[in-house]
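Chain and residue survey
The lines below spell out each chain.
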Amino acid sequence: MLGIAASGQICELMLDNVPAGIAIFDRDMRYLGCSRRFREEFGLGERDVVGQLHYDVFPGMPEDVRATHRRILAGATESSDLEILQWPDGTIDWVEWKMMPWRDLDGEIGGALLFANRKTEQVALQTREQTSHLAMQLLIDSAADYAIIMAGLDQKISMWSSGAERLFGWTASEAIGQTLSIIQVPDEQQDIGIGERLSQVVEMGGFRDRGWRKRKDGSQVMVDLTAKPIRDQFGRLIAYCGVLRDITPDLERERVLRENAARLRSIVDTVPDAMITMDEYGIVESFSAAAERLFGYRAAEVVGQNIAMLMPEPDRSRHDGYLARYRAGGVRHIIGKARRVFGQRKDGSVFAHELHVGEFEVDGRRVFTGFIRDLTQREADAAQLRETEAELAQISRGAALATMGSALAHELNQPLTAIANYLQAAASIDPAGGEGAVALLREALEESSRQALRAGEIIHRLRAFLARSDLERRIADTAEVVKDALALALPGADAGSVNLHMEISPDCPAIFADRIQIQQVLINLVRNAFEALGGTGRIEVYAEPHPDGVHFTVLDDGPGLPPEMEHHLFEPFSGARTKGMGLAISRTIIEANGGRMWHERVPTGGAAFHFTVPVAEDSDG
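Thresholds applied
- Residues numbered from 1 in each chain as written.
- Predicted model: local features only at pLDDT ≥ 70, side-chain atom pairs only at ≥ 80, totals over all residues.
- Heavy atoms only, no water.
- Helix = DSSP H or I, 4+ residues; strand = E, 2+ residues; numbered from the N terminus.
- Buried < 20%, exposed > 50% of the residue type's maximum accessible area, 1.4 Å probe, protein only.
- Contact = heavy atoms within 4.5 Å.
- Areas by Shrake-Rupley, 256 points an atom, 1.4 Å probe, with all protein chains shown as cover.
- Expected span 1.5 Å × (residues − 1).
- Arc of directions from axis to C-beta.
- Pairing = 2+ DSSP bridges.
- Axes fitted to C-alpha atoms, helices over the stretch in contact; angles between N-to-C directions.
- Salt bridge = Lys/Arg side-chain N within 4 Å of Asp/Glu carboxyl O.
- Polar contact = N/O pair within 3.5 Å; in protein donor to acceptor, adjacent residues only side chain to side chain.
- pLDDT = per-residue confidence, 0-100.
- Core = buried A, V, L, I, M, F, W, Y, C linked by side-chain atoms within 4.5 Å.

What to know about the overall build of the protein chain
Counting its secondary structure elements, the protein chain contains 19 helices and 22 strands. The buried share of the protein chain, reckoned over its 621 residues, is 41%. Within the protein chain, counting contacts between residues at least 6 apart in sequence, those at least 24 apart form 53% of the total. Split by element, the accessible area of the protein chain, about 34,000 Å² in all, is 52% carbon and sulfur.

Description of helix H13 (residues 315–329)
Helix length check: H13, at 15 residues, gives a terminal C-alpha distance of 20 Å against a target of 21 Å (1.5 Å per residue), a fit within 8%. Those residues of H13 that fall on the buried side of the exposure criterion are His 319, Leu 323 and Tyr 326. Across the axial projection of H13, the buried residues extend over an arc of 65°, all falling on one side. Residues of H13 that are exposed and point over 90 degrees away from its buried face: Ser 317, Arg 325, Ala 328 and Gly 329.

Describing the sheet that holds strand E22 (residues 607–613)
Pairing is mixed across the open sheet formed by five strands, whose spatial order is E17-E19-E20-E22-E21. On the outer flanks of this sheet lie strand E17 (497–504) and strand E21 (597–601), each paired with one strand and no other. Pairs of neighbouring strands in the sheet enclose a mean axial angle of 15°, with direction left out of account. As defined by bridge partners, E17 adjoins strand E19 (residues 536–546) across eight bridges and the pair is classed as parallel. If you follow Ser 497 over to E19, its bridge partner there is Thr 536. Running over the sheet, helix H17 (residues 515–533) touches E17, E19, strand E20 (549–556), E21 and E22 and is turned about 150° from E19.

So, the pattern of salt bridges
Counted under the stated rule, the structure contains 22 salt bridges. Residues Glu 174 and Lys 216 are paired through a salt bridge, measuring 2.9 Å at the closest nitrogen-oxygen approach. With Glu 174 in helix H8 (residues 172–175) and Lys 216 in the loop between strand E8 (207–214) and strand E9 (220–231), this residue pair connects regions lying 42 residues apart in the sequence. Among the residues examined, Glu 174 registers a relative accessible area of 32% and is labelled partly exposed. Judged by its relative accessible area of 44%, Lys 216 is partly exposed. Connected through salt bridges with shared partners, the residues Arg 245, Asp 250 and Arg 253 form a single ionic network.

Description of the pairing of strand E6 (residues 147–152)
Most of E6 is tucked away: six of the six residues are buried. Neither face of E6 is left uncovered, since the one carrying Ala 147, Ile 149 and Ala 151 and the one carrying Ile 148, Met 150 and Gly 152 both have all their residues buried. Looking at chain direction, E6 and strand E10 (residues 237–246) are connected through six bridges and run antiparallel. When the bridges of E10 are listed, Ile 148 appears paired with Val 243. In this structure, E6 lies alongside strand E7 (residues 157–160), joined through three bridges in antiparallel fashion. Looking across to E7, one finds that Ile 149 is bridged to Trp 160. Linking two consecutive strands that pair antiparallel, namely E6 and E7, is a turn of four residues; a positive phi of about 70° is found at Gln 155 within it.

Quick look at the environment of Arg 255
In this structure, Arg 255 sits in helix H10 (residues 248–270). Assessed through its relative accessible area of 31%, Arg 255 is described here as partly exposed. A polar contact of 2.5 Å, which involves the side chain of Arg 255, links it to the side chain of Glu 259.

Observations concerning the confidence of the model for the protein chain
On average, residues of the protein chain score 78 in pLDDT, and 78% of them reach the 70 mark or higher. In this model residues 1–6 is a low-confidence stretch, pLDDT under 50, and it forms 16 contacts with partners more than four residues away in sequence or in other chains. Confidence over residues 122–128 falls short of pLDDT 50; this stretch has ten contacts with residues more than four positions distant or in other chains.

Remarks on the sheet that holds strand E11 (residues 274–279)
Taken in spatial order, the five strands of this open sheet run E12-E11-E15-E14-E13, and their pairing is antiparallel. Unpaired on one side and paired on the other, strand E12 (284–287) and strand E13 (338–344) mark the two borders of the sheet. Mean inter-strand twist for the sheet, computed between neighbouring axes without regard to direction, equals 35°. Pairing geometry for strand E14 (residues 350–362) and strand E15 (residues 365–374), over ten bridges, is antiparallel.

Points about the pairing of strand E2 (residues 31–34)
Pairing between strand E1 (residues 22–26) and E2: three bridges, direction antiparallel. Within E2, the position partnered with Phe 25 by the bridge is Tyr 31. The turn joining E1 and E2, which pair antiparallel and follow one another in sequence, is formed by four residues; a positive phi near 65° is taken by Met 29.

Some thoughts on helix H5 (residues 63–73)
Taken residue by residue, H5 has Ala 67, Thr 68, His 69, Ile 72 and Leu 73 as its buried positions. Among the residues trailing H5, Gly 75 stands out with phi positive, at a value near 120°.

Considering the nonpolar core
Counting 38 residues, the largest nonpolar core has Ile 511, Phe 552 and Phe 611 as the members making the most contacts within it. Mapped by element, the contributors of at least two residues to this core are helix H16 (478–489), strand E18 (511–513), H17, E19, E20, helix H19 (582–592) and E22. The element contributing the most residues to this core is H17, with nine residues. Apart from the residues lying within four places of it in its own chain, the contact partners of Ile 511 are Arg 474, Ile 475, Ala 476, Thr 478, Val 481, Ile 518, Val 550, Phe 552, Val 613, Pro 614, Val 615 and Ala 616.

See below:
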């Protein structure tokens, strides 16, 4: 950017009053502005030439002049003390001119600056000096964000711009005559002094650096410094000029950006889910550490490549088409939704993963983010859970069958005895005894029939059980047994707002039992408690050392059991808490494993079921 053009009304005011012919051009040689003197001396009058090509304003420009302009825009500075200018009407003037490039804040050439004056009454040299001085002063005063300082060979300040006043706090009257040391920061580690830096300015023809400088109030400011040597018309060094810009806010922004980038990188590298960003054409822009671990590629191998390389066929071949249709139609089918898809690792293996896709824009550019969660272990765990539940169900049915065997003998004994008694009574009745005898015979046969149907119903209850009841007693960690059982119990329970609390005594020993069967007992008791609570309440599960082994407790704060049921809890088909033979099976399992099981009423409300299991060391004998 050009300081003159950026200064608005001040620039126009200065150009209208500067007693010199000045024209400012951009890189296309279009006018950015020109002084009133320039318009007057070159016949433009009040004509507004801003935005017009120099070659249109002065048609017929010779090719050698155009070539001069090209050299200026390439960085050259050219001038002429005396040159003929022929006007379109044929008149001729002698003109002195100087043309040079002007540079923007980044030091890039932004256009050309022309000083041109008609040489009248032998004052060309004076006019040129005055024009250069005014142009420089205009640039200095309009550079509000820059401190422009000039110092003599003795390092004493001879010029102190308004920008320097704002940046450092000293007024021009305070600073002029002081040495450059007033803004120098004392630094014991600084090896290069002011004198040596000024020597570098002379040797290198200029110097650019950044560093800390001191303000009047003692505070420090980080500046970007460009220093140049000033020479007279004979090439002699007469002064130094420096342009300083406050970059402290830039440093703070850079620091914040670095911290944010580091923080984001730390988060991205820490989260277990893989994260990938790509542009709207599928080109990967970032690849997190978790993505490296998941896919087996290093980030350098993926960034800049098409994300389809991480997909198996046929998705790999179709993905570019998906993106093209999205760019054309913009229909958000998958944005913000979780999808189960497949990925392909570097070794060629294919795995299932859950994909969440997001979208955002940066400077009008569309970027997609993908969060990827590997489903391999989850699906394997789910399969294992299903397998374990099936095994538990089979064991439960086997244990139930064992219980049914003993219960069946008890249940069938009564109806079979009744049948035998009724049949014996019927056999003793003489049919010739008249209608009374017939009635008694009929009643005996009907009662026998009812008891037979009852026995058949008892047998019918065995149809849902399988014949497996093997007992595999091994050493098992008590805490793991309880935790795994609760993990299996919760998916099959209607949790509602039930609070489940587990507490394992730290000195609880390992048990010696059939691990699967003990877990089945815990599962049955916890699920029974959920059903009893009806969706609201608290369940507590404890395991602690006991003289008989390990003492397990499943306690709830529900309504408890009716007194009439408490004496029949562990009998088959008692109807208490569970359907069928749940508690009877549970007690059979515990007794088969060498423990015992009982129930007690909780004084504050609810029910508590207890059972013991032998510990590992007790099984060695």
